[in-house]
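An overview of the molecular structure
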Amino acid sequence: MDGAIVMQMEEPPMRSRLGRVQAFADAAQTATSLGELDIIMGEAACDFGADYYLMIHHADFRARTHGLINVGNYPTEFIDISRLNGTLSIDPIMEACEKTLTGFFWSDVGSMVQMTKKHLERAEAVARTGLGDGFVVPAHVPGEHLGSCHFAVRTGKQVPRENSAALQSIAVFGFEAARRLARLRDGEMLAAPPLTSRQRECLVLSARGKSDTTIAQLLGLSPKTVNAYIEEAKKRYGVATRQQLLALALYCSEITFQDIVDGPPRSKTFSAYN
């Protein structure tokens with residue numbers, strides 16, 4: 001229409017944010033190396049208001065464990081104070097990662113972790129590296145080291161609070177892409193075969209402190225059969241003791257602490273015993 005003023009509407013901020021996250025997810029899923037992913041993650045962090053990012057497993061890198069992730073562009077000064085002989089130093093942020101599944105800001109850590117003198121010293125040391133604020137997303141994958149994805153800004157700035165959901169999504173897609181690429185880098189590692197229902201039953205009861213004789217009575221088996229189930233489970237995991245078997249079964253989520261404390265393993269049918 002003549003004389004009409006045509007106004008171009010801006011894309012709604014939420015839709016724009018979601019579109020950018022989706023574009024990042026697509027790029028991360030098709031990345032062919034950790035170096036390529038590093039560039040993509042750095043650009044995404046900047047796009048959503050962070051100056052730096054870091055994806056890392058909370059592990060001893062001296063052991064060269066299969067599939068470990070340590071990629072990011074955090075300041076060298078931060079990396080220097082974060083590692084002592086290859087291991088992570090005492091860090092309240094890393095401890096807070098063990099207490100939640102969702103992302104949190106550095107300012108939230110005091111409500112999640114009881115801050116000790118060493119924690120406060122660590123926070124002061126981090127501030128001296130030039131980092132002023134951050135947002136952290138835990139990465140919990142059963143059977144793997146705990147990991148986390150960090151976003152941070154320089155002193156005097158804040159990570160935009162309105163971008164927390166977007167950063168959480170970027171962390172999830174980014175860490176999963178890093179896991180895939182680390183497996184390609186190191187080669188696939190064969191997992192131990194899962195325990196059978198009977199092996200799991202016997203292990204849980206053994207972890208509750210019950211003898212083979214008592215377990216046999218509870219499950220309607222012979223003590224010899226109970227021991228055979230435990231021995232076969234040890235062979236599957238390649239361990240020599242029941243303590244090692246229990247530790248690995250917990251680590252691989254074959255059983256949980258809750259199973260041991262007050263109930264049978266998940267999704268398994270057990271006789272009534274307690």
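Residues numbered from 1 in each chain as written. Predicted model: local features only at pLDDT ≥ 70, side-chain atom pairs only at ≥ 80, totals over all residues. Heavy atoms only, no water.

Looking now at the overall build of the chain. Along the chain, the regular secondary structure elements total 11 helices and seven strands. By sequence separation, contacts in the chain at least 24 residues apart represent 64% of the contacts at least 6 residues apart. (Helix = DSSP H or I, 4+ residues; strand = E, 2+ residues; numbered from the N terminus. Contact = heavy atoms within 4.5 Å.)

This brings us to the sheet that holds strand β2 (residues 70–72). Here we have five strands laid out as an open sheet, ordered β2-β1-β7-β6-β5, and antiparallel in their pairing. Edge positions in the sheet fall to β2 and β5 (104–105), since each of these pairs with one other strand and no more. Relative to strand β7 (residues 147–154), strand β1 (residues 52–57) runs antiparallel, the two being bridged by six bridges. Looking across to β7, one finds that Tyr53 is bridged to Phe151. The strands touched by helix α6 (residues 164–186) are β1, β5, β6 (131–139) and β7; relative to β6, the strand with the most contacts, the crossing angle is about 55 degrees. (Pairing = 2+ DSSP bridges. Axes fitted to C-alpha atoms, helices over the stretch in contact; angles between N-to-C directions.)

A complete count under the given rule lists 12 salt bridges for this structure. One salt bridge in this structure joins Arg122 and Asp91, with 3.1 Å as the shortest N-O distance. Taken together, the residues span a long stretch of sequence, with Arg122 in helix α5 (residues 117–128) and Asp91 in the loop between β4 (87–88) and α4 (92–97) at a distance of 31 residues. For the residue pair Arg122 and Asp91, the accessibility class agrees, reading buried in each case. Lys234 is paired through a salt bridge with Glu231; the nearest N and O atoms lie 2.9 Å apart. Taken together, the positions of Lys234 and Glu231, both in helix α9 (residues 223–237) and three residues apart, correspond to about one turn of that helix. On the accessibility criterion, Lys234 (10% relative accessible area) is buried. In the salt-bridge network here, residues are joined through shared partners; they are Asp51, Arg154 and Lys157. (Salt bridge = Lys/Arg side-chain N within 4 Å of Asp/Glu carboxyl O. Buried < 20%, exposed > 50% of the residue type's maximum accessible area, 1.4 Å probe, protein only.)

The next point concerns the nonpolar core. The biggest cluster of nonpolar side chains holds 32 residues, and the ones touching the most others in it are Leu37, Met41, Met55 and Phe151. Going through the elements one at a time, α1 (13–30), α2 (34–47), β1, β6, β7 and α6 are the ones with two or more residues in this core. The element best represented in this core is α6, accounting for nine residues. (Core = buried A, V, L, I, M, F, W, Y, C linked by side-chain atoms within 4.5 Å.)

Okay, the pairing of β7 next. The buried fraction of β7 amounts to seven of the eight residues, a majority that puts the element mostly inside the structure. The sheet contact formed by β6 and β7 spans eight bridges and is antiparallel. Within β7, the position partnered with Pro138 by the bridge is Ser148.

Now for the environment of Ser197. Locating Ser197 in the fold gives a position in helix α7 (residues 197–207). Sequence separation of Ser197 and Tyr229 is 32 residues, and the distance between their C-alpha atoms is 10.0 Å.

Let us now look at the pairing of β1. With six of six residues buried, β1 lies mostly within the body of the structure. Burial of β1 is two-sided: the residues Tyr52, Leu54 and Ile56 facing one way and the residues Tyr53, Met55 and His57 facing the other way are all buried. Sheet topology note: the β1/β2 ladder contains three bridges and is antiparallel. Each bridged residue has a counterpart across the sheet, and for Ile56 the counterpart in β2 is Asn70.

The next thing to look at is the confidence of the model for the chain. Across the chain, the average pLDDT comes to 85, with 85% of residues at 70 or higher. β4 is the least confidently modelled element of the chain, averaging 49 in pLDDT, while β5 averages 98, the highest of any element. Per-residue pLDDT stays below 50 along residues 3–9; that stretch engages in zero contacts with residues further than four places along the chain or on separate chains. Low confidence marks residues 264–274, where pLDDT is under 50. Its contacts with residues over four positions away, or in another chain, come to 23 contacts. (pLDDT = per-residue confidence, 0-100.)

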